[in-house]
Amino acid sequence: LTIAGSSALLPLVQEAANQYQAKNPGAQITVTAGGSGAGRTQVCQGKIDIGDSDVKLSDKEKTDLSCSGAVETPVAIQAFAPVANKEGLGSVTSLSKDQLISIFAGKVTDWKDVGGADQEIVLINRAKGSGTRSQMGKFLFGGDDTMFATGASEEDNSETVKTTVAQTPGAISYLGFAYVSDPSIVALGIDGTMPTTENIQAGKWPIGGAGYMITKAAP
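About the cut-offs
Residues numbered from 1 in each chain as written. Predicted model: local features only at pLDDT ≥ 70, side-chain atom pairs only at ≥ 80, totals over all residues. Heavy atoms only, no water. Helix = DSSP H or I, 4+ residues; strand = E, 2+ residues; numbered from the N terminus. Rg over C-alpha atoms; globule rule 2.2 N^0.38 Å. Buried < 20%, exposed > 50% of the residue type's maximum accessible area, 1.4 Å probe, protein only. Areas by Shrake-Rupley, 256 points an atom, 1.4 Å probe, with all protein chains shown as cover. Lys, Arg positive; Asp, Glu negative; His and termini not counted. Charge placed at Lys NZ, Arg CZ, Asp CG, Glu CD. Disulfide = S-S within 2.5 Å. Phe/Tyr/Trp six-rings, centres within 6.5 Å; stacked < 30°, edge-to-face > 60°. Lys NZ or Arg CZ within 6 Å of the ring centre and 35° of its normal.

Undergrad: Even after reading the chapter, I still don't get the overall build of the protein chain, so can you show me in this structure?
TA: Helices and strands together make up the secondary structure of the protein chain, namely 7 helices and 11 strands. Compactness check: the protein chain gives a C-alpha radius of gyration of 18 Å against a globular reference of 17 Å for 219 residues, within 12% of the reference. Principal-axis analysis of the C-alpha atoms gives the protein chain an extent of 55 × 40 × 30 Å. Evaluated residue by residue, the protein chain yields a buried proportion of 46% over its 219 residues. Summing over all exposed atoms, the protein chain offers an accessible surface of approximately 10100 Å²; the carbon and sulfur share of this is 49%. Counting 17 positive and 23 negative side-chain charges, the protein chain places the centres of these two groups 6 Å from one another.

Structural data, given as structure tokens:
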């Protein structure tokens, strides 16, 4: 099997592949990332067996990619959180939704304006087509992807975002929960609700949804 797509789903799918191959030595499962958009496109084009995505295929994709028979199997509830470099936050541990909108729209450009240190905010975005970006855009901008301000960079996978945020003073971005526990970055709360597994399970965390494994026909 060849599987590619969502980097937010990558840790889960890789672990599933590892466990399956351990029990079935003859099986070969290749798992890579590349982003949700690539996962959807490549599975519909027949280039891979399974496409991982944080969002479903759009009607336009089904038409343009001749993928009307695709089967989209939800495999996990995913959650996403804003993350920041430690330098610049000061005592900030949580931001309001309005503050996050202002930051990612480029209207607030210094941490001091949201209670942090006098440090320029550096925006790190995911590339367009990313499911993680799509989920963040739904929460912040009602799904209008064009409202994200142009940042310092646009990355095509979660691991690169994590590394870039960790190495860039003042940086802010967003990641799936599989990445936010890394001690090199800080996961921020929203309106006082902290990004914890317990809050996700209790339905208190506001950003997320099902993650899908997509096949072009019946799996």
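The discussion continues.
Undergrad: Whenever I open this one, the state of the cysteines confuses me. Can you help?
TA: Cysteine pairs can be covalently joined through their sulfur atoms, and such a bond is termed a disulfide. In the structure shown here, the tally under the stated rule is 1 disulfide. One disulfide in the model links Cys 44 with Cys 67; its S-S distance is 2.1 Å. Taking the sign of the S-S torsion, -85° for the link of Cys 44 and Cys 67, the bridge is left-handed. Residue Cys 44 is found in helix α2 (residues 36-44), and its partner Cys 67 is found in the loop between α3 (59-64) and β4 (71-84); the two are separated by 23 residues along the sequence. Exposure remark for Cys 44: the relative accessible area of 1% places this residue in the buried category.

Undergrad: Sorry if this is basic, but what is going on with unusual backbone geometry here?
TA: If a residue is not glycine, its phi is most likely negative; likewise, a peptide bond is most likely trans. Backbone geometry places Ser 66, a non-glycine residue, at a positive phi of 50°. In this structure, Ser 66 sits in the loop between α3 and β4. Using a relative accessible area of 56% as the deciding quantity, one classes Ser 66 as exposed. Positive phi, normally seen in glycine, also occurs at Asp 191, with a value near 50°. Position of Asp 191 among the secondary structure elements: in the loop between β10 (189-190) and α7 (197-201).

Undergrad: Any chance you could explain the packing of aromatic side chains here in plain terms?
TA: Scanning the entire structure with this criterion turns up 5 aromatic pairs. With centroids separated by 5.8 Å and ring planes inclined at 70°, the aromatic side chains of Phe 177 and Trp 205 adopt a geometry described as edge-to-face. Pair noted here: Phe 177 is in the loop between β8 (171-176) and β9 (186-187) and Trp 205 is in the loop between α7 and β11 (208-215), with a separation of 28 residues, a long-range link. The class for Trp 205 is buried, based on a relative accessible area of 10%. Grouping aromatic residues by their ring pairs yields a cluster made of Phe 104, Phe 141, Phe 148 and Tyr 174. Directly above the ring of Phe 139 sits Lys 97, whose terminal nitrogen or CZ lies 4.7 Å from the centroid.

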